[in-house]
Structure formats: C-alpha cells, structure tokens
Amino acid sequence: MSRHAVIVGGDAHERFLAALVLRDALPGARVTEAADAISFATAVAMDRLDVAVVARELHWADAFDVIALLHRRHPGSVVVLLGATVSNLTEPDAQPDAHLSPGAAGLARLGAVVLRALEPRARGGRSDSAASDMDAVPVALLRLSADERVMWANAAAVALLGHEETVSLAGRPLRDIVQPADATTGTALETGLAAAASAVPPGLEVRAQAVSGPPVSCRLVVRTETRDGALTGFVAALLTHAPAMAGGIGNLLFGISHDLQQPLTTTRQSAQMLSDRLAAQARLAADEERMLRRIVSGTERMEALMSGLIEYVRTGRTAMSVASFDLGETVTEVVRGMQATLDGAGAAVRWGNLPRIQGSRTDISRLIENLVANAVKFHGPGKPVVDISCEDRDDSWLLLVRDNGIGIPPDQAERIFEPFQRLHTDSEYPGTGIGLAICRQVCERHGGRIWVTPNPDRGSTFHITIPKALPHDSMG
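Residues numbered from 1 in each chain as written. Predicted model: local features only at pLDDT ≥ 70, side-chain atom pairs only at ≥ 80, totals over all residues. Heavy atoms only, no water.

1. Structural notes on the overall build of the chain
Applicable threshold: Think of it this way: any DSSP run of H or I at least four residues long counts as a helix, any run of E at least two long counts as a strand, and we number them from the N terminus. Exposure categories follow from relative accessible area, calculated using a 1.4 Å probe and restricted to protein chains: below 20% of the type maximum is buried, above 50% is exposed, and the middle band is partly exposed. What makes two residues a contact is simply this: any of their non-hydrogen atoms within 4.5 Å. Computed by Shrake-Rupley with a 1.4 Å probe, the accessible areas treat only the displayed protein chains as cover when residues are assessed.
When its secondary structure is counted, the chain shows 15 helices and 20 strands. Buried residues in the chain amount to 47% of all 476 residues. Relative to all contacts within the chain whose residues are 6 or more apart in sequence, the contacts with residues 24 or more apart total 65%. Of the roughly 23,300 Å² that the chain leaves accessible, carbon and sulfur atoms contribute 53%.

2. Points about the pattern of salt bridges
Quick note on the threshold: By convention in these notes, a salt bridge is any Lys or Arg side-chain nitrogen within 4 Å of a carboxyl oxygen on Asp or Glu.
Here the structure, examined in full by the defined rule, presents 12 salt bridges. For Arg15, the salt bridge goes to Glu33, with nearest N and O atoms at 3.2 Å. Highlighted residues: Arg15 in helix α1 (residues 12-25) and Glu33 in strand β2 (residues 30-34), separated in sequence by 18 residues. Judged by its relative accessible area of 13%, Arg15 falls in the buried class. The closest approach of N and O atoms between Asp287 and Arg290, which form a salt bridge, is 2.3 Å. One end of the pair is Asp287 and the other is Arg290, both in helix α11 (residues 286-317) and 3 residues apart, which spans about a single turn. Note on Asp287: relative accessible area 46%, which makes it partly exposed. Members of the salt-bridge network, linked through shared partners, are Arg3, Arg48 and Asp50.

3. Here's the deal with the pairing of strand β3 (residues 51-55)
Convention followed: Each pair of strands is called paired provided DSSP finds at least two bridges between the two strands.
Among the 5 residues of β3, 5 are classified as buried, and the element is accordingly described as predominantly covered. Every second residue of β3 is oriented toward a common face, with Val51, Val53 and Ala55 on one face and Ala52 and Val54 on the other, all of them buried. Bridging between strand β1 (residues 4-8) and β3 involves 4 bridges; their strand directions are parallel. Counted as the bridge partner of Ile7 is Val53 from β3. Pairing between β3 and strand β4 (residues 78-82): 5 bridges, direction parallel.

4. Considering the confidence of the model for the chain
The predicted coordinates ought not to be read in detail in places where the model reports low pLDDT. What counts here: For every residue, the predictor assigns a confidence score, pLDDT, that lies between 0 and 100.
Summary statistics for the chain give a mean pLDDT of 76 and a share of 75% for residues scoring 70 or more. In this model residues 122-132 is a low-confidence stretch, pLDDT under 50, and it forms 18 contacts with partners more than four residues away in sequence or in other chains.

5. Things to note about helix α12 (residues 327-337)
For clarity, the threshold we go by: Starting at the helix axis, one direction is taken to each C-beta atom, and the arc is that of these directions. Here a polar contact is recorded for every N or O atom pair within 3.5 Å, except that within protein the pair must consist of a potential hydrogen donor and a potential acceptor, and residues adjacent in sequence are included only if both atoms are side-chain atoms.
All of the buried residues along α12 are Leu327, Gly328, Thr330, Val331, Val334 and Val335. Angularly, the buried residues of α12 cover 160° about the axis, an arc narrow enough to put them on a single face. Exposed and facing more than 90 degrees away from the buried side of α12 are Arg336 and Gly337. Looking at where α12 begins, the residue whose side-chain oxygen comes 2.8 Å from the main-chain nitrogen of Gly328 is Asp326.

6. Brief notes about the packing of α12 against helix α14 (residues 361-377)
Axis angle and axis distance: for two packed helices, these are the angle between their axes and the distance between the axes, and together they describe the pair. Threshold: Between the N-to-C directions of two axes lies an angle of 0 to 180 degrees, each axis being a line fitted to C-alpha atoms and, for a helix, fitted only over the stretch in contact. Comment on the angle field: the value is read as roughly parallel under 35 degrees, roughly antiparallel over 145, roughly perpendicular from 65 to 115, and oblique elsewhere. Crossings are assigned a handedness: left-handed for a near helix turned anticlockwise from the far helix by less than a right angle, right-handed for a clockwise turn. Residues are grouped as follows: nonpolar covers Ala, Val, Leu, Ile, Met, Phe, Trp, Tyr, Cys and Pro; charged covers Asp, Glu, Lys and Arg; every other residue, Gly included, is treated as polar.
One can describe the packing of α12 onto α14 by two numbers: an axis separation of 10 Å at closest approach and a directional angle of 55°. By the angle class used here, α12 and α14 are oblique. When the axes of α12 and α14 are compared, the crossing they make is right-handed. Facing α12, whose interface residues are Leu327, Glu329, Thr330, Val331, Glu333 and Val334, α14 presents Arg361, Ile364, Ser365, Ile368 and Glu369. The residue makeup of the contact of α12 with α14, split by class, is 5 nonpolar, 2 polar and 4 charged.

7. Observations concerning the packing of aromatic side chains
As a reminder of what qualifies: Note on aromatic contacts: the rings of Phe and Tyr and the six-membered ring of Trp form a pair at centre separations within 6.5 Å, being stacked when their planes are under 30 degrees apart, edge-to-face when over 60 apart, and tilted otherwise.
Taken as a whole and judged by the stated rule, the model has 1 aromatic pair. Look at Phe40 and Trp60: their rings are 5.5 Å apart centre to centre, the planes differ by 35°, and that puts the pair in the tilted class. Here the residue Phe40 occupies a position in helix α2 (residues 37-44), and Trp60 occupies one in the loop between β3 and α3 (63-73), the gap between them amounting to 20 residues. Note on accessibility: Phe40 and Trp60 belong to one class, buried.

The structure is reproduced here in structure tokens:
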C-alpha cells in the first residue's frame, strides 16, 4: 500500500523541495501540498495519512494547533515541524515527532528523519466523519452548493457568525452571510463564486455578517468543487484579519531592530577604518581587502534590513490620523521629493485629475513613494514611465499605479507583499524587500487592499482600494 504525505504551509519553493525529498525517500508515495486552510481540511480528512510536514509560520492558523489536530486525526502518522526549537514546544498534544530548521539545510535531512520515525508504527483509529475533522480546523470553513447556499459550516464559522449551531446556517445564500467591503468586491460577488474564485488570487475582502454586533472584516477565499467536469459546489474560508505587528511582538521587533543598529554601524565603520589604515600603510593584501569589503558590505545590508524592519513596525504601531486631503497635491509633493532619483533614471511620472480622498496623508504618501521607487528600480529596457490614476467605485476609490517595468510573474503576485520577500538577488536589484509589505500594511490600516496584475504589453499595474468612509484618528 502506497504511503500518503501532506506538506502544510511554507512558501511554494519550500513545499516543492519537501515534496521532492519525500518522493525520493518514499517511492510511490502520494504527496499533497496544502498551502491554505481549505486544502489542509481536505488533506486531513483522508482515510490514511502517514507523514505530515508542517511549516512553523502559517498565515491561517497556529502550527501547533495544526499538529495537535493531525495527531488526533491520524495518531500513527509522523509529523515534522519546519522552523522551531524544542524550547518552543510547551503543549504535549502539539509535540511533533521531529523538528528541522527551515530552508535547504533542514529539508536535506527530511527523508532520513521520516524513514527513521516510521519504523514501525502502530496505527490508531480514524474518526467517523470528515465533517468532524473540518470542525477541528481553526479557520472558518463553509461548504456551499452550486447555487451558493450553505450546506455545512464548521465550528469556527458558526462561532465567527454568532450562531449556536450549523443547522441555523444551512440553506442560507452566501450573500446573506457576507457583505462586499467595496464596490470591486461587490461586482466580483455578483458575477458569481465560480468567477470570483480566480479573479483575485489573495481572496476577496468582505465583511462577515454576525448575528449580533458589527460585521467582521475578513478575506474570503473560495475553491471550486467539480465532479466529471461539472461544478458541484464550493468550499469557502473566511480569514479574519490579525495585525502582524500588534502588541508585544511588534514592540519586541522594534526594540531589537533599534538596538542592533548601533553595533552594526560600529562594526561597519571599524572595518572601513581598518581597511583605510592598512591600505595607507601598504600593508593590505588582496585577500585581506576582500574580507574587509565583505564585512562592510554585509553590515551595510544588515543596517538596511534593520532600518526597513523599524519602518515596517513603526507603520503598524503608530496612530493613524485621518483627514480629507487632495490626492493630486500629495502626488506632486512625492514626485518633487524624488526628483533627483527620477532625473537620474530618466523616469517620467504622469497623473491627471486626482480626487480629494479621506485617509492618512503620511501613509498614502509613503505608499505612492514606494510604488514609484519600485517602478524606477525594476524598469525595462526603455526609460521608466509611471501613470497614476484614480477611479470612483461608489463606496471606495480605486487607485491605479501603472508602470512599464520588467513585470511580476503571476505566481509571485502575492509573495511580493510579504516582508523581506524578494524575486531577485541583491546584485541584480539591491533592496530589502520591505517596500511592498509597507504598502499592504498602509492599505489594510485604511480598510482597503492592494494587488498587482500584469499589463497586456509590458510592466504591471498595482490596484489599491481606499474606502471613502474612515473613522477619524483611528489606530493602525
């Protein structure tokens, strides 16, 4: 009997490498990649699961909750955690069978670790229904019919929507449960979930309508279900927003980044002074000069990373003062401040009549500056051209920033907004990979969102939604 394995979370590159290692270690094994809550719920409901590899950082659940669920559902399986230390593991039910460091170094040991742990294992029983397994998934999941009515909801969805039991949701249309967060989402939902499932890869911004209390801001992710090529229904996840830099974690990162800047600066300056002194005394050999250059280069990059992290954390933890301002005047000020950079690259920034909008002028200025700077940095063979426009979408503004640069692969359209995620090496395009993460943070602070699409000819267009109604003096 062939073995079944699942790889839960991690980036696409990490999942690909883990799958290669597992298939090599377990010939004939069926390996499933579960990148999100829906695919994980499907995988965990399988009759048999021999191996699970769980990434420590999951965007939709805590990795240790996932491990505990895997142990309950498949007690004979081997569960390996990527990216944790033993001291982090405090819950007995959430203990993995092994833990490996993330990246190539840890994955290189995955095959040997799994084979050793599989010798031999007694199999436990299985739960009687797949629904009970989906019930334990710590993300709100809904199973919908082809006409978009609720057939089943797990415990997390029932709790999120304020209902007492699943039966009170059964038969209700999805449109009664979620409200569009803006006109763009409203249009996508009206078109139907079959089209919306692939319209915006990161999901649609919606407000889940609770039985009592205000609507809950969520991201709706939809997967279609088919049989013999015909649509049979949908599985939908409602992912609530959780600020990444909130509370103690944000304060800790801010403090660490701030405290590291001074010793890094001291290290860089000392290495540069030593290099200059030895060179003046004609005592600097070629190998020594190369090593000192590496120290200076490495510390400069670390300083840039620390500065980027401080800016990212500061954006998420400072108060957002909301006011009405002229977007055209703001763009003019941003371009004027970047004039030297634009002139050096021969870049042109064009915009027409832009409206007055409501929001944080400081945040929106930072967003525009980062997008224009990216367009100038990642330009194509010709001179960079950036076009900025804005469309009225009833209850929100849709800001469009279009460039003629090198473009972004569609499969990387979500990854580029993650902190420190870069598609190119530092020698190709220097930078820290924090700019677009700050752009997304600004959008989420305003209750909007950002995504990118390829242009028909060349380059990319960034789409930013900014709700027209925002609370004054709100916190990010």
